[in-house]
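Chain by chain, the residues run as shown.
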Amino acid sequence: MRKNVANLSNEEVDWLHRIMTNAQAGRPLSSADKARLDLMKEYVTRSPGSRLSHPYNQPHSLPREPLNAHSEVIDTNIRYGRNKVDDYAADSTARVPSDHDRHLADYHDQMAGRDVRLTDVSVGELGGAHNAVPHKGLSITVERSSEEYQRVKRVLERYRVGKNKGAADREIVGDVFFAATNPSGLIPRFHTDDQDIVRGLLRINGIKPTGPVLTQPFDVTINGKTIHVVPID
Amino acid sequence: MGYSYDFFVAALTCPHCGVVSKENYTTKMQTSIRDEDTDGVYMGVGFPLVLNLPEMEELNYIPILPVVEGETIRIGHSWVCVSCMWARRWAVVEVAENVIQKIEDIDIKKELIKLNYVHFDIVDELHAVLGISYDDLMDSDISALSKKLYSTES
C-alpha cells in the first residue's frame, strides 16, 4: 500500500481528518475510533523520523560506559544550543543564534573537563552521534521493556514530566534513572532547562515548583531509584 | 529536529518588584504549543500561531471556556520574574486570526474564568489554595477544579 510522508495510508488520513473534524465540533470519539487512535499513536511513536520515535532503536557509535563520579548527563537542548551557535559560526546563512542558544552553549562549555553524557534518545534527537561528539552515551541496567523501567515511566507520565505528549522526554529521564554507574550506587546527575521536566519532577517530590526552587538542584526518587536534577537558570 | 519547546515572550512588569522582563527566555514561558515544530523560537505579539485545538490537552493546556469560532482565543501561561523570582505569575496570550495579538500579565484569580485554556501549571495553584496533594491532583479533573476555584473572584 502506498504511504505518504507520515507513513499513513489514504484511508488512515481520511479517517484522521474525520475524527479531527468531529473533535473540533465537540463530538466525542466512539470507542472503536478511540481504540484505533490509541493503536495509531503507538505506531507513530515507533515510526522513525517522528519526535516521538524511539531513537534507542537506532544504534549510534558513541561509547557507552557506566557513569562515574565525574559524569554529567545533559538534556538534548543543552547540546542543541551549542550546535546552533557552531552552525552559525560555520555558515552565516544559518539561523542567527538567540540569547537562549548562547546561554545554553555557555552552560555546555562550562562542563569542559567533565565527563558529559547523552542518552540514546538525545543522540537521536540531535541527528546522530556526529552531532554529539566528543561526548559519550550511557548504558542502562535493565531492558526498557522491563516492568521496573515501565513502572518509573508510568510515574513520569502520570506527573506529565516532559508534557503530556513527551514520550521522548520521558525516555531521556527514564534512562538516567536506570543508568549504569561505577561505582554502583552512584546517583546520576541530570542537567536540564526544560520546565516541563523540572516542574514535573518537583511535583513528584510534593514541592510546588515556583520561585527559587526552579533553579536549585534537587534529588528525586521513584520506586527506590534516585537521580540528582540540576535545573539550568 | 529542534528544541522541545518555544517561548512566549513579552515585556512583563512584575507586580511585586516592578522590574520589566526582557522579551526572551528568562521569563521561563516555555511552550510546546507548536508541537512538532518547536525550535526555541521567540513568539511575541505579531507572531503567526496556528493552534491545534484538538491537541491542546496533549500539549499541556487545560480547557476552561469553549472556543467560539471567529473569536479571540485566550490562553493562560505562567511566567517568572527574573529579578525577584516572586511566586508564580500568570500572563494571558491572546490569539486571533492565527496571530498572537497580546501577551500581558494578569491576576489569575480574576482572569482564569475568562480563559479558553490554561497551562497545566495551574495545578500548583490548586495544590497551594485547596491543599490537594499532587498525587491526588493527577487523578483529578483539573479543568473542573480550576473553574470552581476562581469562579467567584471576578
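Scroll up to find the structure this text is about.
Summarised in this report is the structure supplied together with it. In this text, all values refer to a predicted model and were calculated from it rather than measured experimentally.

Focus: the interface of chain B and chain A
Now for step 1: Counting from both sides, the interface comprises 31 residues of chain B and, opposite them, 32 residues of chain A.
Now for step 2: Ranked by the residues each element gives to the side of chain B that touches chain A, the list is headed by helix α2 (residues 122–130) of chain B, at three residues.
Now for step 3: Residues that form the side of chain B that touches chain A fall into these classes: 16 nonpolar, eight polar and seven charged.

Things to note about the nonpolar core
Now for step 1: Residues Val173, Val176, Phe177, Ala179 and Leu201 of chain A are the most contacted members of the largest nonpolar core, which totals 40 residues.
Now for step 2: At six residues, helix α7 (residues 167–177) of chain A tops the list of elements feeding residues into this core.

Let's talk about the environment of Lys28 of chain B
Now for step 1: Inspection of the secondary structure puts Lys28 of chain B in the loop between β1 (6–8) and β2 (30–31).
Now for step 2: Through-space distance from the C-alpha of Lys28 of chain B to that of Val93 of chain B is 14 Å; in sequence the pair is 65 residues apart.
Now for step 3: Residues contacting Lys28 of chain B, with those up to four places away along its chain left out, are Gln195 of chain A together with Trp79 and Val80 of chain B.

What to know about the sheet that holds β1 of chain B
Residues and elements named next belong to chain B.
Now for step 1: Ordered by their spatial adjacency, three strands build an open sheet running β2-β1-β3, and the pairing between neighbours is mixed. Either end of the sheet is taken by a strand with one partner, and the two such strands are β2 and β3 (42–43).
Now for step 2: Alignment of β1 against β2, held across two bridges, turns out to be antiparallel. Each residue of the ladder has a partner; that of Phe7, found in β2, is Gln30.

A word on unusual backbone geometry
Across the chain, the bulk of peptide bonds are trans and the bulk of non-glycine residues have phi less than zero.
Now for step 1: Here the bond from Val133 of chain A into Pro134 of chain A is cis, since omega is 10 degrees, no more than 30 degrees from zero.
Now for step 2: Within the secondary structure, Pro134 of chain A is located in the loop between α5 (120–125) and β4 (137–138).
Now for step 3: Residue Asn182 of chain A is joined to Pro183 of chain A through a cis peptide bond whose omega torsion reads 10 degrees.
Now for step 4: With respect to the helices and strands, the residue Pro183 of chain A is situated in the loop between α7 and β5 (189–192).
Now for step 5: The backbone of Arg160 of chain A sits at a positive phi, close to 55 degrees, despite the residue not being glycine.
Now for step 6: Within the secondary structure, Arg160 of chain A sits in the loop between α6 (147–158) and α7.
Now for step 7: Classification of Arg160 of chain A by C-beta neighbours within 10 Å gives buried; the count is 21.
Now for step 8: At Asn60 of chain B, a position not held by glycine, the phi torsion is positive, near 85 degrees.
Now for step 9: Among the structural elements, Asn60 of chain B can be located in the loop between β3 and β4 (61–63).

Reading the values: rules and limits
- Residues numbered from 1 in each chain as written.
- Chains lettered and ligands numbered in written order.
- Predicted model: local features only at pLDDT ≥ 70, side-chain atom pairs only at ≥ 80, totals over all residues.
- Contact = placed C-beta atoms within 7 Å.
- Helix = DSSP H or I, 4+ residues; strand = E, 2+ residues; numbered from the N terminus.
- Nonpolar A, V, L, I, M, F, W, Y, C, P; charged D, E, K, R; others polar.
- Core = buried A, V, L, I, M, F, W, Y, C linked by C-beta atoms within 7 Å.
- Buried ≥ 20, exposed ≤ 12 C-beta atoms within 10 Å, placed from the backbone.
- Pairing = 2+ DSSP bridges.

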